[in-house]
Every structure is written in C-alpha cells, then in structure tokens.
Amino acid sequence: MSAPGVLARRDGPVAAVLLDRPSSLNAFDLDMADRLAGQLADLAADEAVRAVVIGAAGAAFCAGGDLKWALAHPGGAPAAFHQLAGRFHQAILEIRRMPKPVVAAVNGVAAGGGLSLALACDFRVMARSAVLRQAYTASGLSIDGGGTFSLPRLVGLARALEIAAFDRPIPSGQALAWGLVTAVADDDRTLPEATAMAAALAGGSVHAFAHCKRLLGESFETPLEAQLERERAAISACAAHHDGQEGLRAFAGKRPPRYPAG
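Residues numbered from 1 in each chain as written. Predicted model: local features only at pLDDT ≥ 70, side-chain atom pairs only at ≥ 80, totals over all residues. Heavy atoms only, no water.

J.: For the packing of helix 4 (residues 113–120) against helix 5 (residues 147–155), give the residues involved together with the corresponding values.
T.: With their axes 9 Å apart at the nearest point, helix 4 and helix 5 run at an angle of 55 degrees to one another. Judged by the inter-axis angle, helix 4 sits oblique to helix 5. Where helix 4 crosses over helix 5, the two elements pack in a sense that is left-handed. Of the residues in helix 5, those in contact with Ser116, Leu119 and Ala120 of helix 4 are Gly147, Ser150, Leu151 and Leu154. In terms of residue class, the contact of helix 4 with helix 5 is built from four nonpolar, three polar and no charged. (Axes fitted to C-alpha atoms, helices over the stretch in contact; angles between N-to-C directions. Helix = DSSP H or I, 4+ residues; strand = E, 2+ residues; numbered from the N terminus. Parallel < 35°, antiparallel > 145°, perpendicular 65-115°, else oblique. Left-handed = near helix turned anticlockwise from the far one by under 90°. Contact = heavy atoms within 4.5 Å. Nonpolar A, V, L, I, M, F, W, Y, C, P; charged D, E, K, R; others polar.)

J.: I'd like to hear about the layout of surface pockets, residue by residue, with values.
T.: Regions of empty space are outlined by a rolling probe, equal in size to a water molecule, passed over the atoms. Considered as a void within the structure, the largest pocket measures approximately 590 Å³ in volume. Lining the largest pocket are 22 residues; nearest its centre among them are Arg96, Asp122, Lys213, Leu216 and Gly217. Contributing elements (two or more residues each) for the lining of the largest pocket: helix 4, strand 6 (123–127), helix 5 and helix 9 (206–218). If one sorts the elements of the lining of the largest pocket by residue count, helix 9 sits on top with seven residues. Partitioning the lining of the largest pocket into residue classes produces eleven nonpolar, four polar and seven charged. Here the second largest pocket is characterised by a volume of approximately 410 Å³. Along its surface, the second largest pocket is lined by 21 residues, and Gly65, Leu67, Phe81, Tyr136 and Leu141 are the ones closest to its centre. The element contributing the most residues to the lining of the second largest pocket is helix 3 (residues 77–97), with four residues. The residue inventory of the lining of the second largest pocket, partitioned by class, reads 13 nonpolar, six polar and two charged. (1 Å grid on protein atoms, 1.4 Å probe; cavity = no way out; pocket = protein on both sides within 12 Å on 5 of 7 lines; lining within 4 Å. Points joined across faces, edges and corners; volume = space filled by probe spheres on them.)

J.: Kindly report on the side chain of Gln134, identifying the contributing residues and their values.
T.: One can find Gln134 in the loop between strand 7 (131–133) and helix 5. A polar side-chain atom of Gln134 sits 2.8 Å from a polar atom in the side chain of Thr137. What Gln134 contacts, discounting residues up to four positions off in sequence, is Gly112, Leu115, Ile143, Ile163, Ala164 and Asp167. (Polar contact = N/O pair within 3.5 Å; in protein donor to acceptor, adjacent residues only side chain to side chain.)

J.: Describe the sheet that holds strand 5 (residues 110–111), listing the residues and the values that go with them.
T.: An order of 5-7-8 is seen for the three strands of this open sheet, with the pairing classed as mixed. Of all the strands in the sheet, the pair left with one neighbour each is strand 5 and strand 8 (170–171). As paired strands, strand 7 and strand 8 are joined by two bridges and run antiparallel to one another. Across the sheet, the residue bridging to Val131 is Pro171, located in strand 8. (Pairing = 2+ DSSP bridges.)

J.: Just give me the short version of the nonpolar core, but keep the residues and values in it.
T.: Grouped together as the largest cluster of nonpolar side chains are 47 residues, with contacts concentrated most on Phe28, Leu117, Leu132 and Leu180. The greatest single-element share of this core, amounting to seven residues, is contributed by helix 1 (residues 30–45). Residue contacts for Leu180: discarding those within four places in its chain leaves Leu119, Arg124, Leu132, Leu151, Leu154, Val155, Ile163, Ile170 and Ala175. If you look at the next biggest cluster of nonpolar residues, it comprises eleven residues, including Ala105, Val125, Ala198 and Ala202. (Core = buried A, V, L, I, M, F, W, Y, C linked by side-chain atoms within 4.5 Å. Buried < 20%, exposed > 50% of the residue type's maximum accessible area, 1.4 Å probe, protein only.)

Right, here's the structure in full:
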C-alpha cells in the first residue's frame with residue numbers, strides 16, 4: 001500500500017517503490033524513512049514479488065537527509081541525525097537482507113544518504129545526466145546509510161577515501177567506469193530500463209540469487225574454510241529446491257528452464 005512520501009506499485013512479479021517528496025528533492029525525514037523501511041519489509045515478505053525497483057519522482061533520485069528538518073528539530077541537529085540514521089538504516093538493512101534482487105533507478109542527483117541508498121541496492125541503472133555526490137563531508141558530516149560499507153566493496157579502499165575526502169560530483173560515465181553503477185540509460189529510459197532489468201532477474205531463479213547475494217555479502221568477513229562450508233550447504237540446498245531441480249532438468253534436456261514463483 002502506498003503512503004505519503006513513498007509510492008508502491010506492482011507489475012506482475014516486479015514491485016516498484018518510488019520516493020515521492022519531489023519538492024524536497026526526495027530528502028528523508030523520519031516519516032519517509034519509516035515508510036520506506038515498512039514498504040521494503042512488506043515486499044520482502046510477499047512471495048508474489050520476485051524483484052524490486054527503487055526509483056523516485058521528480059528531478060532528483062534523493063538528496064539524502066532533510067537538513068532543514070534536522071536543523072528545526074526540537075532536540076537539535078545531533079538528536080535529529082541520531083533518530084533519522086536509525087530509521088534510515090532499517091531501510092538499508094531491508095535491502096541488504098532482501099532475498100530477491102533490488103534495482104535502483106537513479107534518475108537525477110543521488111547525494112548523501114541518496115547515494116548510500118542507491119549503493120545498498122544490488123544493481124543500479126543511472127540516467128545519463130544524473131550525478132552522484134558523497135556530500136556529507138562538505139557539510140562537516142560523516143557518511144551513513146551503509147556508504148562506508150558499500151563504497152570500499154565497490155571501488156576499493158583508496159577510491160572510497162578519495163570519494164569521501166574530495167566530494168567531487170561523479171557523472172554517469174565515470175560512475176560506470178568505476179563500477180558504482182551497473183548501466184547508464186537515457187534520461188527518459190532510466191526507470192523503464194531498471195524495470196526491464198528487474199523483470200529479467202525475476203524470470204530467473206530468485207532462490208539461487210538469494211543464496212548468492214548472502215554468500216557474497218558474507219565473504220568479506222568469513223575465513224575461506226568457513227566460506228567453503230557455507231557454499232557447500234547452499235549449493236546442496238539449491239539442488240534440493242524446485243528451482244535447482246528444474247534448472248538441472250532443463251540443462252539435461254537442452255531447453256530453457258521454467259522457474260515457478262516462490
């Protein structure tokens with residue numbers, strides 16, 4: 001169900017969640033962060049949804065936290081950021097934990113928490129005219145939203161430090177070359193391209209994807225021997241699942257697999 005600040009819609013197995021505060025460049029306050037986390041939790045639990053797109057209304061993807069709201073907070077800016085980061089981080093965790101693909105459609109500037117939100121997704125389609133901005137340090141703030149987790153994993157520690165320290169705008173071509181985004185699309189095709197990518201992923205084995213997403217996420221902190229055991233358990237579980245059985249039959253029969261929902 002849609003709510004003010006966040007819109008949700010379904011098209012078959014693909015669900016789209018759209019940030020909808022265009023007058024504030026889709027910047028987050030507490031209510032919007034709560035609503036995004038709630039929508040994502042609902043979609044994670046919905047077995048009919050096999051892939052999710054996160055996009056935005058208006059000219060920007062997301063400008064991060066709403067600084068006007070934070071400065072007007074009755075408890076002061078420190079209390080505002082403490083509360084907002086906690087709520088926003090719940091949405092980030094819902095994306096990271098979601099056992100199905102999540103594709104960001106970055107239709108304009110993604111700055112601060114907006115960049116962190118996009119990087120938390122599994123794949124990113126970026127508009128050709130869009131720009132990524134780290135933005136925090138220019139305002140004397142440190143990075144939240146899992147940005148310090150995502151950046152070094154995508155571009156390496158040295159590049160992540162460069163992005164954090166200099167806060168230079170990153171255009172789409174550079175973002176693609178650095179591995180920050182998966183694809184670049186014409187401005188009016190960003191959401192359709194992201195939706196098409198999500199639909200293609202939804203047609204595959206979401207069960208196998210969920211295992212791969214989890215294993216890859218764990219691999220940075222797991223010793224090799226433990227990771228190998230987790231891989232053995234996962235591939236055995238996949239082989240026992242109906243997706244794995246269908247995939248093996250299709251391979252043996254030299255035909256495309258037909259994965260059922262669920």
